Amino acid sequence: MITARAAATFEPVGRSVAVARAFVRDTLHGWGFADVVDDAVVLTSELVTNAVVHAGTAADVQCLRYDTAVRVEVADHYPEREVPMQPRGRQFRDTDNEGGRGLMLCTALATRWGVEYTPTGKHVWFQLDLPERPAGTRSAGPLLPTAVLPVADERVRVAVVQVDRGSVITRWNDDAADLFGHPASDIVGKSLADLAAWPQTPGTGIGLADALQLSRWEGTYGMRDAAGRVLPVYGSHLRVRDSAGEPSTVCLLVRAEERAVLQSPARNGGSGGDSGTAQRGKAADAFEGFIGTPTPDDLDGLLQRTVERARDMLDGDAAYLLLATDDETELEVRASTGLPSARQRFARVPVEAGTGRYGSARMPAVHEDLTAVPGAVPLLSGTGMRSVVTVPLKVEGRLTGSLGVAAEAPGRFTNQEALRLQFAADRIALAVESARLTELERMRRGSLSFLVEASDLLAGTLERDQTLALMAQMTVPVLATWCAVYTIAERAEPELAFVLHEDEDRIDGIKALLQQVRPPEPDPTPGARVWTAPADAAHSSALRASLRSLGLGSSNGGRPGPGPSVALATAAAVGGETVVLPLVARNRVIGMLTLGRPTDERFRQEILELAEDLSRRAALALDNARLYSERTAISQALQRSLLPPELPHVPGVEVEVIYRAAGEGNEVGGDFYDVFPIREGCWGFAIGDVCGTGPEAAAVTGLARHALRLLAREGLGGPAVLERLNAAILDEGARSRFLTLLYGEVRPQEDGSAELRMVCAGHPLPLRLRPDGAVSPVAEPQPLLGVMEDLELYEETAVLQPGDVMLCVTDGVTERREGSRMLGDDGLADVLATCTGLTAGAVAARILRAVERFAADAPSDDMAILAMRLPALPAS
């Protein structure tokens, strides 16, 4: 039965694919189905692409929620059905044929899928079953007579004590106050070590500080009450972290005689009950006898449970588990207890020979004293462990991992204990390998979804800075804690271009640190390589800052260095593993992608492989942005060379020009203008429109503007200037364009007026605005240029009086359209009539505003507006 439904329709445009993915992702997350989101997004992307790109119609996407599954339906409106005719057995081997790829993915990922055809379209659906989330009994004991039940007080008090990473008490409940007599106000803020009477002798076993660092600990020790007496308690410690990632330890404490309240049940069953039944259960499921029930449903939980049980089984101080890579050449640390796990997690060591050899990975081995064989187990170097037993995890004869248990004392383990551990490893190996393969499959599906989204985002921009920002934002925090991008210009040194950290307050510190460190060497070799310079520099900076705060450091050449808190925070942020991936495009290293982790953290190999895939896509996008930027810069430089320099000063005449070229990235089109001095007391002006837009029209624009200046300064009159320009345009042959042109000369007079001599060759007529608001043309239309060889042009003369405005525009102004409406000459005249008393600049601005507001769409034609005004004479 359908319990929820969500539907949307997407237009047949490329961006609809990304919008559809986001719709499905948000819908499934909203329903709480995160387990199937990645598969659903990948399948939706393929099916919507088929609809909007290949079928070319809108796509209807519908998400249906069931009790145990989710179903996504994609429908298009293409009226024909297309059945791929491929011989059986070839359809999955033809890698060059993309037809039917969406249906192949349905076969591989979906639980069920199908295609339905109708006379008006095609309907493709897929269904993903939701994973089971079993709930059951964790552990249970037999029915016992009342007389043998454990004894406890009438009111059992469980003290809850929470301590931070420094063992300082932050929580102390009422039962703790009742048990030990200390009120919370006296205890919070003190160290737990001030109250605990730890039984172990220092140096011979695990101490309180060590126990508080373990993920779990259970045992007996003493607590001092208000009277100073030591009260024996049984404790259960659990290491947790809050929403901000800060670790702490929760300690549950009861009186020692009431330990049954907290004590974990024995793994091998109790001494009472039906021993035969217990033995049969143990033999029937040796795996659960070792790992316990219920079995963790995730790989990390299973591995952590494994190392804890292995340590307890052999009464060791630490344990660890490593998983082998696919080629069995390296082992990767995946779980540990009793060791600094953050520093070791995902570290890698070789399986066989060479420096740092991992001893006897393929066979059980016992090391009685590691000090006698330095480097035999590199994982334990510097941990204080003296003896260790290691056994392999194998599945069908293939090495899949290694399990080890270590102790601080030498000679703790024998061959018999190695056999016991090997027996346990044999029971767990298959489950570990199955969970590992499940995790890898989940990660690969998630990686596919991530790369699809990343490719779509990178393909959506050609801006260099935006591409750099996208590269960093896609890696942080999904792949790394911080990221830096270096760019390399041709024959130049690497330059730090972008830095990002998941905590914005850390960005400036990391950027300052990286600017002080020599950039990594460009290396086109594929894959990630470790870069230690940032971590080394961060630790050195933190040390210097600490010494300066104590008055022991140098003055740093008079330059103020970062404070101790900033330096320590930066060191913690970049103190983990840092890797560099080359950005290679078109056989050239154009940059480097640097990924980093905080202190003591390493990268998983799967994350590095995903980052390498991303770097290849990002490099191509960055290089495309570079090429686009270079070509845009060249185009804009050439276009700017076609524009006249700044307007000259014409005595007694206000001159203002507004120019707008149509098309993205265009600064010059087919319209042009010019105002220039010809000789003493005479200035030329021109405004023209070349047929068409873009580079071809701009080429004629440059020819016309420069030819006008040269011919006018030769002393030729207006008609002669335009006739020679007409001949030059016709000489261009196939590259010639029609040209409308208003050319004239303005001569300011001593009485405040100005004489105009003009030729209007096929151009919109210039308009004169009188101080009383009257608008009239000041020239007559004549033939345009670039059509006929023989032109009969004549010059017209007009006089502008003080207060008059002359407006010249191109047809991009008068032919502005909104549906069937057009601004036209009359509309322009109406707007100009409202401009009495305005300066030339204000007149041009009002005309432009009226044109832009006439229609909602952006102008599709070039526009040029030239306004000249004679200031009114002051009243006498």
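See above for the structure.
Residues numbered from 1 in each chain as written. Predicted model: local features only at pLDDT ≥ 70, side-chain atom pairs only at ≥ 80, totals over all residues. Heavy atoms only, no water.

1. A few points about a nonpolar patch on the surface
This is how the line gets drawn: Like-charged residues are merged into a patch within 9 Å and nonpolar side chains (Val, Leu, Ile, Met, Phe, Trp, Tyr) within 5 Å, provided each residue has over 30% relative accessible area and no salt bridge. Each accessible area is a Shrake-Rupley result for a 1.4 Å probe, and residues are judged covered by the shown protein chains and nothing else. Salt bridges are identified by distance alone: a Lys or Arg side-chain nitrogen within 4 Å of an Asp or Glu carboxyl oxygen. In this text, helices come from DSSP runs of H or I with a minimum length of four residues, and strands from runs of E with a minimum of two, each type numbered from the N-terminal end.
On the surface, a nonpolar cluster with roughly 270 Å² of combined accessible area is contributed by L144, V148 and L149. Within the element layout of this structure, L144 appears in the loop between β5 (121–129) and β6 (159–164).

2. Remarks on helix α18 (residues 718–730)
Applied cut-off: One fewer than the residue count of a helix, multiplied by 1.5 Å, yields its expected span. The buried label applies to any residue whose accessible area, calculated with a 1.4 Å probe on protein chains only, is under 20% of its type's maximum; exposed applies above 50%, and partly exposed to all values in between.
End to end, α18 covers 19 Å across 13 residues, agreeing with the expected 18 Å (1.5 Å per residue, within 8%). Burial in α18 covers these residues: G718, P719, A720, V721, L722, L725, N726 and I729.

3. Thoughts on a negative patch on the surface
This is how the line gets drawn: When charges are counted, Lys and Arg are positive and Asp and Glu negative, with His and the chain ends excluded. Positions of charges follow a simple convention, taking NZ of Lys, CZ of Arg, CG of Asp or CD of Glu.
A cluster of acidic residues, E723, D731, E789, D790 and E792, forms a negative patch on the protein surface. Its place among the elements puts E792 in the loop between β29 (775–777) and β30 (796–800). According to the relative accessible area criterion, E792 is exposed, its value standing at 73%.

4. Here we look at the packing of helix α20 (residues 824–833) against helix α21 (residues 840–854)
Here is the rule: Lines fitted to the C-alpha atoms define the axes, with helices restricted to the stretch that makes contact. Angles between their N-to-C directions range from 0 to 180 degrees. To sort the angles, those under 35 degrees are grouped as roughly parallel, those over 145 as roughly antiparallel, those from 65 to 115 as roughly perpendicular, and the leftovers as oblique. Here is the rule for handedness: rotate from the far helix to the near one, and if that takes an anticlockwise turn smaller than a right angle the crossing is left-handed, while a clockwise turn gives right-handed. We call two residues in contact when some of their heavy atoms are within 4.5 Å. Each residue is assigned to one class: nonpolar for Ala, Val, Leu, Ile, Met, Phe, Trp, Tyr, Cys and Pro, charged for Asp, Glu, Lys and Arg, and polar for all the others, Gly among them.
Between α20 and α21, the shortest axis-to-axis distance is 10 Å and the interhelical angle comes to 135°. Between α20 and α21, the interaxial angle falls into the category oblique. Crossing of α20 against α21: the hand is right-handed. Residues L828, V831 and L832 of α20 touch α21, and the partners they reach there are V843, R846, I847 and A850. By residue class, the composition of the contact of α20 with α21 is six nonpolar, no polar and one charged.

5. Structural notes on the nonpolar core
Defined as follows: We call a set of buried residues a nonpolar core when its members are Ala, Val, Leu, Ile, Met, Phe, Trp, Tyr or Cys and they connect through side-chain atoms within 4.5 Å of each other.
Membership of the largest hydrophobic core comes to 52 residues, with the highest contact counts inside it found for L458, M471, L514, L583, L595 and L614. In terms of residue count, the dominant contributor to this core is helix α16 (residues 605–642) (nine residues). Aside from chain neighbours lying at most four places away, what touches L595 is T475, A480, W482, C483, E577, T578, V579, L581, F603 and A611. Residues W31, V37, C106 and L130 belong to the second largest nonpolar core, which totals 34 residues.

6. With respect to the pairing of strand β21 (residues 578–585)
Note the cut-off: The pairing criterion for strands is at least two bridges between them, as found by DSSP.
In terms of residue burial, β21 counts as a mostly covered element, since seven of its eight residues are buried. By the bridge criterion, eight bridges tie β21 to strand β22 (residues 588–596) in an arrangement that is antiparallel. Among the inter-strand pairings, P582 is bridged to a residue of β22, identified as M592. In sequence, β21 turns back onto β22 through a hairpin of two residues, with R586 there showing a positive phi of about 55°.

7. A few points about the sheet that holds strand β2 (residues 59–65)
Taken in spatial order, the five strands of this open sheet run β1-β2-β3-β5-β4, and their pairing is antiparallel. The open sheet is flanked by β1 (4–10) and β4 (112–118), the only strands paired with a single partner. Here the strands of the sheet are splayed against their neighbours by 15° on average, with no regard to which way each runs. The sheet contact formed by β2 and strand β3 (residues 69–76) spans six bridges and is antiparallel. From the neighbouring strand, C63 faces β3, where its bridge partner is V72. Against the sheet, helix α1 (residues 15–30) contacts β1, β2 and β3, and its axis sits at roughly 170° relative to β1.

8. Some details on the packing of aromatic side chains
Heads up, the rule is: Geometry of aromatic contacts follows a simple scheme: Phe, Tyr and Trp rings, the Trp one being its six-membered ring, pair when their centres are within 6.5 Å, and the pair is stacked under 30 degrees between planes, edge-to-face over 60, tilted otherwise. In our convention, an over-ring charge means Lys NZ or Arg CZ found within 6 Å of a ring centre and within 35 degrees of that ring's normal.
One pass over the structure, following the stated rule, counts six aromatic pairs. Aromatic pair W217 and Y221: ring centres 5.8 Å apart, planes at 50°, arrangement tilted. In terms of burial, W217 and Y221 fall into one category: buried. The ring of W125 is capped by R71, whose NZ or CZ atom sits 3.9 Å from the centre of that ring. Above the ring of F854, the side-chain terminus of R821 is found at 4.3 Å from the ring centroid.

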